[in-house]
Amino acid sequence: MSLIKKKEDLPVSKDLFMLIYGEPASFKTATALSADKPLLFDLEGGVQRINREWQTDTVQPETYGQLMDVLNNEDLSDYKTLVFDTLLALNDLCMEEILTEAPSLRQKDGSPSLKAYGVAKVRFKALVELLAKMDKTIIFVAHSSESRDGDDLIIRIDGSTSAVKEITKKLDAMAFISVHGQKHTLNFRPTGKYYAKPIQGVPDYIDIPILEQGQPNTFLQD
């Protein structure tokens with residue numbers, strides 16, 4: 001039996017692993033929540049900054065174990081999108097649990113040891129495998145960080161550890177939100193300045209609409 005699949009027989013998925021990142025107040029969370037039927041895993045308390053009209057069902061886990069318990073045991077059939085806000089907070093929550101379980105993985109100054117980062121990488125890999133089986137769109141929200149290379153400004157994803165890379169290498173799409181006055185733009189085309197990853201059939205640059213009172217937040221869904 002041939003292992004070759006004809007291109008017309010290849011499975012087509014409408015679900016995405018996506019990351020949106022940018023500076024504070026760049027509409028990251030509100031944009032992520034404009035996806036279809038979202039459930040927000042609010043790891044930084046950011047839902048309070050979203051207009052009440054556009055808030056969604058929300059989980060605020062106090063531990064990584066609680067987060068995993070929701071993913072493994074709760075009925076999530078009402079939701080088509082899971083939003084994790086933010087990626088750095090998710091990493092911190094995971095690391096906090098690891099160091100609580102195994103205090104010996106702390107260095108003398110209290111920071112995680114290399115072995116602790118290795119454990120986190122394994123747990124993030126397991127998380128990615130779990131999410132991939134859920135038949136849902138997954139959106140991670142992240143802050144951006146800035147550095148200089150001579151006169152050039154370089155923008156990167158905040159919290160880029162080896163564990164976080166387990167998630168970013170799974171991504172189907174990555175967009176940096178640039179802000180110019182009142183204009184906010186999703187940038188899917190990578191440059192020497194920032195990371196991004198385009199989606200086939202989607203424009204490289206899309207302006208995020210400014211929401212008005214009474215207007216549904218369905219930008220990504222649309």
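Residues numbered from 1 in each chain as written. Predicted model: local features only at pLDDT ≥ 70, side-chain atom pairs only at ≥ 80, totals over all residues. Heavy atoms only, no water.

## Points about the nonpolar core
Part 1 of the argument: Residues Leu 71, Leu 82, Leu 90, Leu 131 and Phe 140 are the most contacted members of the largest nonpolar core, which totals 45 residues.
Part 2 of the argument: If we skip the residues at most four places from it in the chain, Leu 90 touches Leu 43, Tyr 64, Leu 67, Phe 124, Leu 127, Phe 140 and Ile 167.
Part 3 of the argument: Among the nonpolar cores identified, the runner-up in size contains 18 residues, and Leu 33, Leu 40, Val 83 and Ile 139 belong to it. (Core = buried A, V, L, I, M, F, W, Y, C linked by side-chain atoms within 4.5 Å. Buried < 20%, exposed > 50% of the residue type's maximum accessible area, 1.4 Å probe, protein only. Contact = heavy atoms within 4.5 Å.)

## Overview of a negative patch on the surface
Part 1 of the argument: Residues Asp 57, Asp 69, Glu 74, Asp 75 and Asp 78 make up a contiguous surface patch of negative charge.
Part 2 of the argument: Residue placement: Asp 78 occurs in the loop between α2 (64-73) and β4 (81-85). (Patch = residues over 30% accessible without salt bridge, like charges linked within 9 Å, V, L, I, M, F, W, Y side chains within 5 Å. Areas by Shrake-Rupley, 256 points an atom, 1.4 Å probe, with all protein chains shown as cover. Salt bridge = Lys/Arg side-chain N within 4 Å of Asp/Glu carboxyl O. Lys, Arg positive; Asp, Glu negative; His and termini not counted. Charge placed at Lys NZ, Arg CZ, Asp CG, Glu CD. Helix = DSSP H or I, 4+ residues; strand = E, 2+ residues; numbered from the N terminus.)

## A closer look at the layout of surface pockets
Part 1 of the argument: What the second largest pocket holds in volume is close to 440 Å³.
Part 2 of the argument: Lining the second largest pocket we find 23 residues, and of these Phe 27, Lys 28, Thr 29, Ala 30 and Ile 50 sit closest to its centre.
Part 3 of the argument: Considering every element that reaches the lining of the second largest pocket, the biggest residue donor is helix α1 (residues 28-32), with 4 residues.
Part 4 of the argument: Residues belonging to the lining of the second largest pocket are distributed by class as follows: 11 nonpolar, 8 polar and 4 charged. (1 Å grid on protein atoms, 1.4 Å probe; cavity = no way out; pocket = protein on both sides within 12 Å on 5 of 7 lines; lining within 4 Å. Points joined across faces, edges and corners; volume = space filled by probe spheres on them. Nonpolar A, V, L, I, M, F, W, Y, C, P; charged D, E, K, R; others polar.)

## Points about the pattern of salt bridges
Part 1 of the argument: With the rule as written, the count across this model stands at 5 salt bridges.
Part 2 of the argument: We note a salt bridge from Lys 80 to Asp 36, for which the minimum N-O separation is 3.5 Å. You can see Lys 80 sitting in the loop between α2 and β4 and its partner Asp 36 sitting in the loop between α1 and β2 (38-42), a full 44 residues away along the chain.
Part 3 of the argument: The partner of Glu 101 in a salt bridge is Arg 123, with the nearest N and O atoms 2.6 Å apart. Of the two residues, Glu 101 sits in helix α3 (residues 87-101) while Arg 123 sits in helix α4 (residues 114-132), which places them 22 residues apart along the sequence.
Part 4 of the argument: Residue Glu 101 is classed as partly exposed on the basis of its relative accessible area, which comes to 49%.
Part 5 of the argument: The exposure class of Arg 123 is partly exposed, given its relative accessible area of 23%.
Part 6 of the argument: Three or more residues joined by partner-sharing salt bridges are found here, namely Glu 97, Glu 101 and Arg 123.

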